[in-house]
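Below, each chain spelled out in residue letters.
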Amino acid sequence: MTSWLRWTVGLLVVAVLSLVSYGCNSEEPSPTGPSGSTGSPAQAGKAGSAANTQNPQSQQAANELTTPTQRVDPKSLAKVVKEEVRGGEAQEGPTPFDYLWQPSKPELIKDEAMNVSVPAGLMKLAAKINVPISNPITKGKYELGRQLYFDPRVSLDGTVSCATCHNPDKGWTDNMAVSIGIDGQTGGRSAPTVLNTVYGRTMFWDGRAPSLEGQAQGPIQNPIEMGKQSYKEIIERLRKIPGYHEQFQKVFGTTVTLDGMAKAIATFERVAALSGNSKYDKYREGDMKALSDAEKRGMVLFGLRLHPDDDFKTDVVLQKANCTACHSGANFTDEEFHNLGVGWDVSKKQFADLGRWAVEPYGARFDGSMGAFKTPTVRDAERTGPCMHDGSIETLEQVVDHYDKGGTPNPALDKDMKPLKLTPTEKADLVAFMKALSGETKKAADLLPELPPGPDGKKADPRPALNAPSKKVAAIFHPASAR
Ligand code: HEC
Ligand code: HEC
């Protein structure tokens with residue numbers, strides 16, 4: 001019993017130490033890593049041994065694989081942690097800090113401001129609101145972001161780019177229930193569209209990233225999406241590509257950094273991933289014939305009034321479907337989190353995914369955020385399916401049925417989810433209206449960049465990565481079997 005206890009304590013110390021050193025990026029400690037590594041394995045090892053030395057011989061032998069063999073003074077332990085956090089790699093080369101961000105040399109920067117014109121129906125991009133002061137939109141940055149977005153060399157094995165899961169030809173998503181990443185692995189959530197995320201207040205289905213810049217740093221280090229690689233590996237790989245080093249110098253006055261990558265990719269998304277000038281927008285601008293009668297009825301059911309100059313008459317009840325309770329504003333989202341009962345397991349009485357609740361800090365959690373997800377835009381919904389955070393609803397018709405029955409009852413169901421009692425015609429009209437929200441969007445052919453050649457002068461082709469790595473593809477189209 002006592003030895004079991006010591007063993008457990010030993011493990012705990014190891015776990016805590018590695019958490020402190022590696023934060024949440026779960027960067028793999030690598031004894032042979034490029035940095036020569038101040039060797040977390042060894043140090044973590046020392047820590048555990050303090051509690052471990054009195055174990056029986058046999059158990060100790062087994063433990064040596066995971067725990068250390070030397071005794072260590074707890075005081076020096078604190079020092080190790082401190083060094084690790086400060087960047088103990090300093091002696092061997094660049095510090096982690098150097099990969100994340102560098103002071104810029106303004107004399108290297110050769111870039112100019114870029115004007116963005118947005119399609120009809122969307123709001124002009126505003127500094128501070130849509131474009132952070134720290135990351136103004138410039139021509140060179142846009143161009144660099146375009147390359148990085150489509151470059152599969154950002155992923156560990158060169159098979160996956162951002163466009164694999166957010167392909168402009170598939171509504172800037174992958175049209176799969178859940179995405180396939182590197183090695184054909186799947187995650188539990190559906191890739192949301194990048195379209196109009198410039199207007200988003202938070203990123204991800206649970207809103208855990210505060211900006212497009214914050215979002216862009218996630219996938220490259222996500223073991224399922226782009227591979228189990230540290231930011232150092234990615235940055236070092238890109239620094240070896242002369243074209244990237246040169247462009248970073250011109251745009252940021254530094255060599256390749258994670259900060260610069262995120263800023264460039266976010267800039268590309270802000271400029272290129274816009275959807276507007278749909279039939280609905282043309283109607284709003286005064287073209288009364290842009291929408292059919294069915295689309296107009298659907299619009300009214302959805303919760304939007306007819307144009308004041310339109311003499312079209314209908315007796316459908318304004319807002320009967322109550323969609324604008326959440327899908328409001330120019331981008332058809334309130335940017336809030338709601339529970340529609342999607343992913344609620346009726347027999348087990350639990351959520352497959354806790355959604356917003358899981359990322360709210362203790363003290364700020366409220367019951368209504370359990371199983372709640374960010375309201376997505378309805379613009380281009382026709383092209384971005386399957387629908388919902390888990391891709392569990394395939395068609396727009398089925399989405400309307402879900403709302404018509406008032407969602408799936410569960411303890412956290414949103415108060416705006418009530419049975420709607422829509423007639424078959426009304427349901428069809430709603431779908432017709434949603435389809436009239438499909439806008440003018442840029443396609444892959446408009447955007448595919450010429451990628452800078454690798455260090456060996458070899459050309460890089462962005463096209464194969466427009467489709468997911470092939471493994472497991474069959475399973476993907478059926479959400480139930482994919483999880
Ligand atoms: C393997 C598939 C995959 C790859 C590769 C991938 N993503 Fe995603 N992306 C997702 C999934 C799945 C989500 C939703 C995750 C969540 O909500 O937890 C997401 C979310 C996002 C969002 C948030 C959108 C919103 O409305 O909240 C943006 C923006 C985004 N990704 C951009 C990128 C960029 C830029 C890259 C390349 C650096 C990238 N993605 C690579 C699958 C992928
Ligand atoms: C209570 C707020 C709320 C109301 C009311 C509401 N929605 Fe939604 N809608 C959401 C949220 C939140 C999601 C994502 C839910 C999830 O993934 O679990 C969503 C998802 C969708 C999607 C899928 C989009 C995608 O990219 O996956 C469509 C389409 C949609 N809603 C249309 C409608 C229509 C049509 C109505 C009216 C009948 C409506 N919504 C009413 C909040 C709402």
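Trainee: Help me understand the overall build of the protein in this model?
Mentor: The helix and strand inventory of the protein stands at 20 helices and 4 strands. Buried residues in the protein amount to 49% of all 483 residues. If you take every contact in the protein between residues at least 6 apart in sequence, the share linking residues at least 24 apart comes to 67%. For the protein, the exposed area adds up to about 23,500 Å²; of that, 57% sits on carbon and sulfur atoms.

Trainee: I'm lost on the coordination of the iron atom of ligand 1 in this one. Help?
Mentor: Put simply, a metal with four donors set out as a tetrahedron has ideal angles of 109.5 degrees, and one with six donors set out as an octahedron has ideal angles of 90 or 180 degrees. Counting protein donors around the iron atom of ligand 1 gives one, H166 (NE2), at 2.1 Å. As for its placement among the helices and strands, H166 is situated in the loop between α7 (162-165) and α8 (212-221).

Trainee: Looking at this model, I keep getting lost on the packing of helix α16 (residues 396-404) against helix α17 (residues 424-435). Mind explaining?
Mentor: Packed helices, taken two at a time, are described by their axes: the angle between them and the distance between them. As a packed pair, α16 and α17 sit with axes 9 Å apart at the nearest point and diverge in direction by 125°. Put simply, α16 runs oblique to α17. Considering the relative orientation of α16 and α17, their crossing is right-handed. Contacts from L396, E397, V400, D401 and D404 of α16 reach α17 at K427, L430, V431, M434 and K435. The residue makeup of the contact of α16 with α17, split by class, is 5 nonpolar, no polar and 5 charged.

Trainee: Where do I start with the site of ligand 1 in this structure?
Mentor: The full set close to ligand 1 counts 25 residues, and C162, C165, H166, F204 and K374 are the nearest of them. In this structure, an oxygen atom belonging to ligand 1 sits 2.8 Å away from a side-chain N or O atom of R189. Here W205 contributes a backbone N or O atom positioned 2.8 Å from an oxygen atom of ligand 1. Here the shell around ligand 1 gets 3 residues from one element, more than from any other, and that element is α8. Of the residues in the shell around ligand 1, the class split is 13 nonpolar, 7 polar and 5 charged.

Trainee: How do you make sense of the packing of aromatic side chains when you look at a structure like this?
Mentor: Per the stated rule, a full pass over the model turns up 12 aromatic pairs. Seen from their ring centres, Y149 and F150 are 5.3 Å apart, and the 70° between their planes marks the pair as edge-to-face. Neither residue differs from the other here; Y149 and F150 are each classed as buried. Through successive ring pairs, a cluster of aromatic residues spans Y142, Y149, F150, W172 and F268. The ring of F204 is capped by R208, whose NZ or CZ atom sits 3.8 Å from the centre of that ring. Cation over ring: R365 sits above Y362, and NZ or CZ is 4.4 Å from the ring centre.

Trainee: Looking at this model, I keep getting lost on the environment of L447. Mind explaining?
Mentor: Counting through the fold element by element, L447 comes out in helix α18 (residues 444-447). Spatially, the C-alpha atoms of L447 and P168 are 8.7 Å apart, while their sequence positions differ by 279 residues. Among all residues touching L447, those that are not within four sequence positions of it are Y142, R146, F150, P168, W172, F268, A272 and K442.

Trainee: It is not clear to me how the side chain of Q102 should be interpreted in this structure. Could you clarify?
Mentor: Mapped onto the secondary structure, Q102 falls in the loop between α5 (96-100) and α6 (139-150). Polar side-chain contacts of Q102 include one of 2.8 Å to the side chain of D98. Contacts of Q102, omitting those with residues within four sequence positions, involve R239, T254, T255 and T257.

Trainee: Could you clarify how one ought to interpret the pattern of salt bridges in this entry?
Mentor: Think of it this way: side chains of opposite charge can pair up when their charged atoms draw near. Within this structure, the stated rule accounts for 22 salt bridges. Salt-bridge contacts for D206 lead to R189; the nearest nitrogen and oxygen are separated by 2.9 Å. Separated by 17 residues along the polypeptide, D206 in the loop between α7 and α8 and R189 in the loop between α7 and α8 bring together distant segments of the chain. R189 gets classed as partly exposed once you look at its relative accessible area, which sits at 23%. Residue D281 is joined to R379 by a salt bridge in which the shortest nitrogen-to-oxygen separation is 2.8 Å. A residue pair is termed long-range when its members are at least 10 positions apart, and D281 in helix α12 (residues 279-284) and R379 in the loop between β4 (373-374) and α15 (381-384) qualify at 98 residues. Across the pair, R379 and D281 agree in class, each one buried. What you see here is one network of salt bridges that share partners, running through R189, D206, R208 and D353.

Trainee: I would appreciate a short explanation of the environment of I129 in the present structure.
Mentor: Counting through the fold element by element, I129 comes out in the loop between α5 and α6. Remark: the alpha-carbon pair of I129 and Y199, spanning 70 residues in sequence, is separated by 8.1 Å.

Trainee: How should the site of ligand 2 be read in this particular structure?
Mentor: As a structural note, the neighbourhood of ligand 2 is formed by 24 residues, with C323, C326, H327, H389 and Y403 the closest of them. Within the side chain of H327, an N or O atom sits 2.8 Å from a nitrogen atom of ligand 2. Of all the secondary-structure elements, those providing two or more residues to the shell around ligand 2 are β4 and α16. Residue contributions to the shell around ligand 2 peak at 3 residues, all from α16. Each residue belonging to the shell around ligand 2 can be placed in one class, and the counts come to 15 nonpolar, 6 polar and 3 charged.

Trainee: Honestly, the confidence of the model for the protein in this entry has me stumped. Any pointers?
Mentor: Low-pLDDT stretches of the model should not have their predicted coordinates read in fine detail. Model confidence for the protein is summarised by a mean pLDDT of 81, while 76% of its residues fall at 70 or above. Taken together, the stretch residues 1-91 has pLDDT below 50 and engages in 94 contacts with residues farther than four places along the chain or on a different chain. Considering only residues more than four positions removed or in separate chains, one finds that residues 472-483, a stretch of pLDDT under 50, has 21 contacts.

Trainee: How do you make sense of helix α13 (residues 293-302) when you look at a structure like this?
Mentor: Since the α-helix advances by 3.6 residues per turn, residues separated by three or four positions end up pointing in the same direction. With respect to burial, α13 is a largely interior element, 7 of its 10 residues being buried. Taken from the residues just after α13, G303 is the one with a positive phi, measuring 130°.

Trainee: Could you clarify how one ought to interpret the side chain of N130 in this entry?
Mentor: Residue placement: N130 occurs in the loop between α5 and α6. Note on N130: relative accessible area 10%, which makes it buried. With residues up to four places along the chain from it excluded, the contact list for N130 reads K124, L125, V198, Y199 and R270.

Trainee: I would appreciate a short explanation of the nonpolar core in the present structure.
Mentor: Side chains of a nonpolar character, in soluble globular proteins, are inclined to be buried together. Counting residues in hydrophobic clusters, the biggest one holds 41 residues, and the most contacted among them are L148, Y149, W172, L238, Y244, M261 and F268. Mapped onto this core, the elements with two or more residues apiece are α6, α7, α9 (231-239), α10 (242-252), α11 (258-272) and α18. Of all the elements, α11 adds the most residues to this core, at 8 residues. With residues up to four places along the chain from it excluded, the contact list for L148 reads V154, L238, Y244, F248, M261, A264 and I265.

Rules used in this analysis
Residues numbered from 1 in each chain as written. Chains lettered and ligands numbered in written order. Predicted model: local features only at pLDDT ≥ 70, side-chain atom pairs only at ≥ 80, totals over all residues. Heavy atoms only, no water. Helix = DSSP H or I, 4+ residues; strand = E, 2+ residues; numbered from the N terminus. Buried < 20%, exposed > 50% of the residue type's maximum accessible area, 1.4 Å probe, protein only. Contact = heavy atoms within 4.5 Å. Areas by Shrake-Rupley, 256 points an atom, 1.4 Å probe, with all protein chains shown as cover. Donors = N, O, S within 2.8 Å, 3.2 Å for Na, K, Ca; no water. Axes fitted to C-alpha atoms, helices over the stretch in contact; angles between N-to-C directions. Parallel < 35°, antiparallel > 145°, perpendicular 65-115°, else oblique. Left-handed = near helix turned anticlockwise from the far one by under 90°. Nonpolar A, V, L, I, M, F, W, Y, C, P; charged D, E, K, R; others polar. Near = heavy atom within 4 Å. Polar contact = N/O pair within 3.5 Å; in protein donor to acceptor, adjacent residues only side chain to side chain. Phe/Tyr/Trp six-rings, centres within 6.5 Å; stacked < 30°, edge-to-face > 60°. Lys NZ or Arg CZ within 6 Å of the ring centre and 35° of its normal. Salt bridge = Lys/Arg side-chain N within 4 Å of Asp/Glu carboxyl O. pLDDT = per-residue confidence, 0-100. Core = buried A, V, L, I, M, F, W, Y, C linked by side-chain atoms within 4.5 Å.

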